[in-house]
Amino acid sequence: MRSAQTRRLVWPLLVLALLVAANAVATPRFLEITVRGGRLYGSLVDILHFGTPLLLISLGMTAVIALRGIDLSVGAVVAVAGAVACTLIESAAEPDSPSAVAGAVAAALAVCALLGLWNGFLVAVLRIQPIVATLILMVAGRGAAQLITGGQITTVRSAPYREIAGGSVATVPVTVIVAAATLLLMWLLVRRTALGLLIEAIGGNAEAGRLAGIRATGLTMAAYTFCGLCAGLAGIIISANTGSADGNNAGLWIELDAILAVVIGGTLLTGGRFSIAGTVLGAIIVQTLSTTVYTMGVPPESTLVFKALVVFGVCLLQSPRFRAQVAAPFRRSGPPRPPSNTATPAPPEEDDVKPEAASIADQEPREVRP
Amino acid sequence: METTAEPAVHMSGIVKDFPGVRALDGAGLRLRPGEVHALLGENGAGKSTLIKVLTGVHRPESGEIRVAGERVEISGPLDAERRGIATVYQEVNLCPNLSVAENILLGREPRGRFGISQRRMNRRAAELAAGMDLDLDVTRALGDHSIAVQQLVSILRAVDLQARVLVLDEPTSSLDRDEVRILFDLVERLRSRGVAILFVTHFLDQVYELCQRMTVLRNGGLVGEFATAEVGQRELIGHMLGEQAGELDRLEASAGDDPPDAGAAPFLRARGLGRSGGIAPYDLDVAPGRITGLAGLLGSGRTEAVRLLFGADRPDTGGVEVDGRPVPLRTPRAPIAAGLAYCSEDRKSEGLVAELSIADNLMLAMQAARGWLRPVPAKTRAELVERYIAALRIRPAAPETPVGALSGGNQQKVLLGRWLIMQPRLLILDEPTRGIDIGAKAEVQRLVAAQSRQGTAVLFVSSELEEVLRLSHRVVVLRDRRVISELDNDGGLDTDRVLAEIAEGGGR
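What counts, and at which threshold
Residues numbered from 1 in each chain as written. Chains lettered and ligands numbered in written order. Predicted model: local features only at pLDDT ≥ 70, side-chain atom pairs only at ≥ 80, totals over all residues. Heavy atoms only, no water. Helix = DSSP H or I, 4+ residues; strand = E, 2+ residues; numbered from the N terminus. Buried < 20%, exposed > 50% of the residue type's maximum accessible area, 1.4 Å probe, protein only. Contact = heavy atoms within 4.5 Å. Axes fitted to C-alpha atoms, helices over the stretch in contact; angles between N-to-C directions. Parallel < 35°, antiparallel > 145°, perpendicular 65-115°, else oblique. Left-handed = near helix turned anticlockwise from the far one by under 90°. Nonpolar A, V, L, I, M, F, W, Y, C, P; charged D, E, K, R; others polar. Polar contact = N/O pair within 3.5 Å; in protein donor to acceptor, adjacent residues only side chain to side chain. Pairing = 2+ DSSP bridges.

Q: Lay out the overall build of chain A with the relevant residues and their values.
A: When its secondary structure is counted, chain A shows 16 helices and 6 strands. Here chain A holds 370 residues, and 48% of them are scored as buried. Restricting to contacts in chain A with at least 6 residues of sequence separation, those with at least 24 account for 78%.

Q: Residue-level account of the packing of helix H13 (residues 358–370) of chain B against helix H15 (residues 408–420) of chain B, with values.
A: All names here are of chain B. Contact geometry of H13 with H15 gives a least axis separation of 7 Å together with a crossing angle of 40 degrees. The angle between H13 and H15 places the two elements in the oblique class. Between H13 and H15 the crossing geometry is right-handed. Between H13 and H15, the contacting residues are Ile358, Asn361, Leu362, Leu364 and Ala365 on the first element and Val414, Gly417, Arg418 and Trp419 on the second. A breakdown of the residues in the contact of H13 with H15 according to their chemical character gives 6 nonpolar, 2 polar and 1 charged.

Q: Break down the environment of Glu350(B) for me, with residues and values.
A: Among the secondary structure elements, Glu350(B) is positioned in helix H12 (residues 347–351). As a C-alpha pair, Glu350(B) and Leu364(B) span 14 residues in sequence and 13 Å in three-dimensional space. Residues in contact with Glu350(B), not counting those within four places in the same chain, are Asn205(A), Glu207(A), Ala208(A), Leu211(A), Arg307(B) and Ser344(B). Engagement of the side chain of Glu350(B) in a polar contact is seen with the side chain of Arg307(B), the distance being 3.1 Å. A distance of 2.6 Å separates polar atoms of two side chains, one belonging to Glu350(B) and the other to Ser344(B).

Q: Please set out the sheet that holds strand E20 (residues 457–461) of chain B residue by residue, giving values where relevant.
A: All names here are of chain B. On the basis of which strands lie adjacent, the open sheet formed by 6 strands has the order E18-E19-E20-E15-E21-E22 and mixed pairing. Two strands in the sheet have a free side with no partner beyond their single neighbour: strand E18 (340–343) and strand E22 (483–488). Strand-to-strand, the axes of this sheet are offset by a mean angle of 15 degrees, without reference to chain direction. As defined by bridge partners, strand E15 (residues 291–295) adjoins strand E21 (residues 474–478) across 4 bridges and the pair is classed as parallel. What sits directly across from leucine 294, in E21, is valine 476. Across the sheet, H15 lies against E18 and strand E19 (426–430), angled at about 170 degrees from E18, the strand it touches most. Those strands touched by helix H18 (residues 495–504) are E15, E21 and E22, and its axis lies near 160 degrees from that of E22.

Honestly, it's all geometry; don't read function into it.
Spelled out as structure tokens, the structure:
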């Protein structure tokens, strides 16, 4: 049904396959997965495990971007989540009791949901441009996180808290389970209810949506709240992984990776149609890239350049025009035939049709846009 | 105005494919210097595509283009401009924030000692305008001027380029009568200088007024080239439609022959409804099965009046009651719940979501009314979509086609279908037939008449007075953002009477 959407996933999939293949060649045991101490280990598992925070944030970001918005504050919210959770656990009477940890995590998530709601309020009610509205929290959030931790890196030794990142259920890391559950929840929410359609309508054409009777304000606030909640979850996982809350560096620049993941997944920054599967692929690609940098021993000073080159390649692959131009010299003469559902017979081949003519035919008709 | 000169442009055997669709199949065109040539055909006949091939936006799969006898390949819009082919699009594509002079001379600014000379630029632009007898302040920002002036500015740009061929793509669809006059004078002036002008329009009267020859396309193919003087309107419509030509006759027989129960009590009452700067407070009663037309010139407040009823704009004064109960007008939601439906005149920016499918667009209002927690069940949805695609004859009929890929007429039908699915009590249609071809127009009119026979009340806004009179039981006349009178359309009403009413300004 969503064939065009599915077709767009082909290129990110190809890139992911290439990345994995390159890794498998460079690092002999890359594809190996072993069970040690009741938990899966291996590079592929690591990618999913360490990629969880990015994936969670990218999912939230997808909802926001589909509504033609953006959330720059997710990195700061990651820091706030860790700060709140760690400070509460440290000040609890029994930091090792599961109930204290659960309470702290719940409180941290509630704070993050409120922060998301605040973003949504600025965007939907006060009509501040999303990039400006969330910039406020991007700056203020890190300040708040540092205030909460008193300017120090708070460390926690609470075993149940560390289990969130280090534990496993039936050999599967808890992080991966959290990511899968969030993914499933989001998919059910947007594709099993009418939420997805309403979001795509508002994101695609806000005025048309309003005149069709859609309440955009509530939807927008809900999307930003969801994004805040996802960032909070990611913050808890990042903090549990290191056993500390670092107001300065936790989740630094993760908003950019998340936006990148969404875009690689085929959701346009101009809003409208979005692809959850695409975002998942995008997040995994970005994470695989980070892992590749380490496993291949790319010198640290050139990691950013390396990452940028791969991302550039993905973007080029997704441009139909670029693909057509690369393919043109390999094609014999003549334009691609229209699919057989057209009644008109194909014209006789003409020798004077230049290869470029074929490349243009690959593009969408221009009339689609006003 | 027969000339034997070599055609300024000769296109033949043009074939152009889009993914899954053959848009042009052997289309062609002969454009002679010093003639105004109409390019006609239904929406989807391939007019826009043919123009875009000529202006280098699309490259054809095959076919031949000759400019002044020389075979050429046009590589892009800039290349077309270099070859003397200038285009004025329906939606003006200039920069509204720049001055008129800057827009006319963009890319060819006169330079002085210190870069671009603003003074010389303004003088040059003013000379150009004066040369065409246009009274225009060239130093003001283009966006401050009306659409009509903006179109004149695009033409002036072409004049400065010394274009030998000027393509006008539906230049008059958003202009009022006087503005059309000014545009036509300018076109005539350019024609007499030997410019070849290609004129694309839906207004057949304008074709007969302005054009010497016409080329008709149908389904991407060439039907023929005709001299305007030799082919009557009825025959021309036959060429454009092919076998559907009987549609209009059938419509004329069906509309208005079935007057609804005159005694039907109004279910909707608007009292003192108004918005400053939009429309002066007005009253309106709407009864089931009645079609009420809103007549008036462009800018008379027709659109503003109906938008208030639907809550699309928030009124300052007055209110609306449905069945005696007041309806809050803060957003369209309460009016929708009360059974109102509104098809905006601007279907692209206020009606449809271009990237979503036909099915999604059709279901949007119903889904919005049900809320996100209660999705329309897949089976109901499929049935409704199938039924309305068939009933409205939406082409292509594949429910998952993105709406943005449809022709204007089919887009209008999707928008209409979205509201018909809601089974509204009052259907508000703002310019439902603007910019769509004559076949789709007849279908839309037929649907409106059919709806009213089923008891739906209709408010009908149109710039075409004939259309308003043909469909409406009652006509509300507006002028200068004020309702000036209401006239019963019981046979004695004609366009002259309504025009007189508008001219007198309601001084009865």
